[in-house]
Amino acid sequence: MAMGFLCLAVFLFLGLDLDTGYAATTPTSEGVEITYGTVLKLMHERTKFRLHSHDVPYGSGSGQQSVTGFPNVDDANSYWIVRPQLETSARQGDSIPSGTIVRFQHMKTRKWLHSHLHASPISGNQEISCFGGEHESDTGDHWRVMIEGSGKTWKQDQRVRLQHVDTGAYLHSHDKKYQRIAGGQQEVCGVRDKRADNVWLAAEGVYLPVTETK
C-alpha cells in the first residue's frame, strides 16, 4: 500500500500542473484537509464502495462514460482530482469550505463527474456519468460540497454530501448491482432528497498541502 502511494505521488508530481511548487504528499492521519489539486478516492459511507469510472459507455440514457461503485480498494480507476468550478480565482492548494462548488476530474480518462436529467440504468433515478475532457467542461460538472456536522472546511475524516448544482440531486449509491458488463459493481445515481445513502468520505489518495496565505 505504501509503495502504491509513493508511485501515485511521483505520477502526480510529473503530471499535474504544480504551479505552486508544492510536492504531493500522502495523509498520515485523520483530519487532513482536502485542497484543490488533491487526488483521492471517494468512499460511499454505508457500503464502503469507491466512486469509480472506466472507458465503458452506458447502454441506455445518455450513452456517456459510466460511473459506478467499485468494491476493491486498489483499483486505479477510482481516483479523482479535485478541481475548482469554472470561472473562479481559486488556486491549487486552496482549502474548500462547506458550500463550495467544485469539479471532480477522473484521473485516468480526464473526463468530469457529470449529471443531467437522463434516468439511471437500474433504479431509474438520475444518471451520473463522466463527460467532456481536459478543456471541455460545463456547469453540469459542478458539485456543491456540503459537510455534515460542524466542520467548516472539507477534511478527510468528515462526512459530506455532494449536491449537483444544475439539478439539485445528491450523489447517491446503494446495493443495487450490475450483473453483466460491470458485474459486481453497484449503481451510482442522483436523488433529490437527503438520505443515509448519499453520504461520502475522502479515502485513499495524495493530498496536497494547504497554500499558506502571504
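Residues numbered from 1 in each chain as written. Predicted model: local features only at pLDDT ≥ 70, side-chain atom pairs only at ≥ 80, totals over all residues. Heavy atoms only, no water.

(A) Main features of the overall build of the chain. For the chain, the helix and strand inventory stands at one helix and twelve strands. The buried share of the chain, reckoned over its 214 residues, is 51%. Nonlocal contacts in the chain, meaning residues at least 24 apart in sequence, comprise 67% of its contacts between residues at least 6 apart. Split by element, the accessible area of the chain, about 10,000 Å² in all, is 51% carbon and sulfur. (Helix = DSSP H or I, 4+ residues; strand = E, 2+ residues; numbered from the N terminus. Buried < 20%, exposed > 50% of the residue type's maximum accessible area, 1.4 Å probe, protein only. Contact = heavy atoms within 4.5 Å. Areas by Shrake-Rupley, 256 points an atom, 1.4 Å probe, with all protein chains shown as cover.)

(B) Broad picture of unusual backbone geometry. The phi dihedral of glutamate 87 falls on the positive side, at around 55°, and the residue is not glycine. Mapped onto the secondary structure, glutamate 87 falls in the loop between β4 (80–84) and β5 (101–106). Owing to a relative accessible area of 85%, glutamate 87 belongs among the exposed residues under this scheme. Unusually for a residue other than glycine, arginine 110 sits at a positive phi of about 70°. Assignment of secondary structure puts arginine 110 in the loop between β5 and β6 (112–119).

(C) Region of the structure containing the pattern of salt bridges. Tallied over the full model, the rule gives six salt bridges. Linking aspartate 197 and arginine 46 is a salt bridge whose minimum nitrogen-to-oxygen distance equals 2.5 Å. Residue aspartate 197 is located in the loop between β11 (186–191) and β12 (200–206), and its partner arginine 46 is located in the loop between β1 (39–44) and β2 (50–57); the two are separated by 151 residues in the primary sequence. Taking the relative accessible area as the measure of exposure, aspartate 197 reaches 14% and is therefore buried. (Salt bridge = Lys/Arg side-chain N within 4 Å of Asp/Glu carboxyl O.)

(D) Focus on the side chain of histidine 172. Tracing the sequence through the fold places histidine 172 in strand β10 (residues 170–177). Within the local environment of histidine 172, its side chain forms a polar contact with the backbone oxygen of aspartate 197, the two atoms lying 3.5 Å apart. (Polar contact = N/O pair within 3.5 Å; in protein donor to acceptor, adjacent residues only side chain to side chain.)

(E) Highlighting the pairing of β6. Relative to strand β7 (residues 126–131), β6 runs antiparallel, the two sharing five bridges. The residue of β7 that forms the bridge with tryptophan 112 is phenylalanine 131. Here β6 hands over to β7 after six residues, with glycine 124 in that stretch at a positive phi of 75°. (Pairing = 2+ DSSP bridges.)

(F) Local environment of the environment of threonine 100. By the element assignment, threonine 100 lies in the loop between β4 and β5. With relative accessibility at 17%, the residue threonine 100 sits in the buried group. Through-space distance from the C-alpha of threonine 100 to that of arginine 144 is 5.5 Å; in sequence the pair is 44 residues apart. Ignoring sequence-local partners within four residues, the contact set of threonine 100 consists of Tyr36, Trp143, Arg144 and Val145. From its side chain, threonine 100 meets the backbone oxygen of proline 97 in a polar contact 2.7 Å long.

(G) Structural context of the nonpolar core. If you look at the biggest cluster of nonpolar residues, it comprises 27 residues, and the most contacted ones within it are Leu51, Val82, Phe104, Leu113, Trp154 and Leu171. Counting only elements with at least two residues in this core, the list comes to β1, β4, β5, β7, β8 (143–147), β9 (160–164) and β12. If near-sequence neighbours (up to four positions away) are discounted, tryptophan 154 is found in contact with Glu33, Ile34, Leu40, Leu42, Val82, Ile96, Phe104, Val145, Ile147, Val160 and Ala202. (Core = buried A, V, L, I, M, F, W, Y, C linked by side-chain atoms within 4.5 Å.)

(H) Seen up close, the confidence of the model for the chain. The predicted model of the chain averages 87 in pLDDT, with 84% of residues at 70 or higher. Note that pLDDT drops below 50 for residues 1–7; the model gives that stretch six contacts with residues more than four away or on any other chain. Segment residues 9–28: pLDDT under 50, and 37 contacts once partners within four positions in sequence are set aside and those in other chains are kept. (pLDDT = per-residue confidence, 0-100.)

(I) Seen up close, the side chain of aspartate 75. One can find aspartate 75 in the loop between β3 (65–70) and β4. When neighbours within four sequence positions are excluded, aspartate 75 is seen to be in contact with Lys41, His52 and Phe70.

(J) How the structure looks around the packing of aromatic side chains. In the structure shown here, the tally under the stated rule is one aromatic pair. A ring pair is formed by phenylalanine 104 and tryptophan 154, whose centres lie 6.3 Å apart and whose planes are at 85°; its orientation type is edge-to-face. Taken as a pair, phenylalanine 104 in strand β5 and tryptophan 154 in the loop between β8 and β9 lie far apart in primary sequence, 50 residues in all. You can call tryptophan 154 buried: its relative accessible area is 0%. Taking the ring centre of tyrosine 79 as reference, the NZ or CZ of lysine 41 above it sits at 4.7 Å. The side chain of arginine 103 reaches across the aromatic face of tryptophan 112, ending 4.1 Å from its centre. (Phe/Tyr/Trp six-rings, centres within 6.5 Å; stacked < 30°, edge-to-face > 60°. Lys NZ or Arg CZ within 6 Å of the ring centre and 35° of its normal.)

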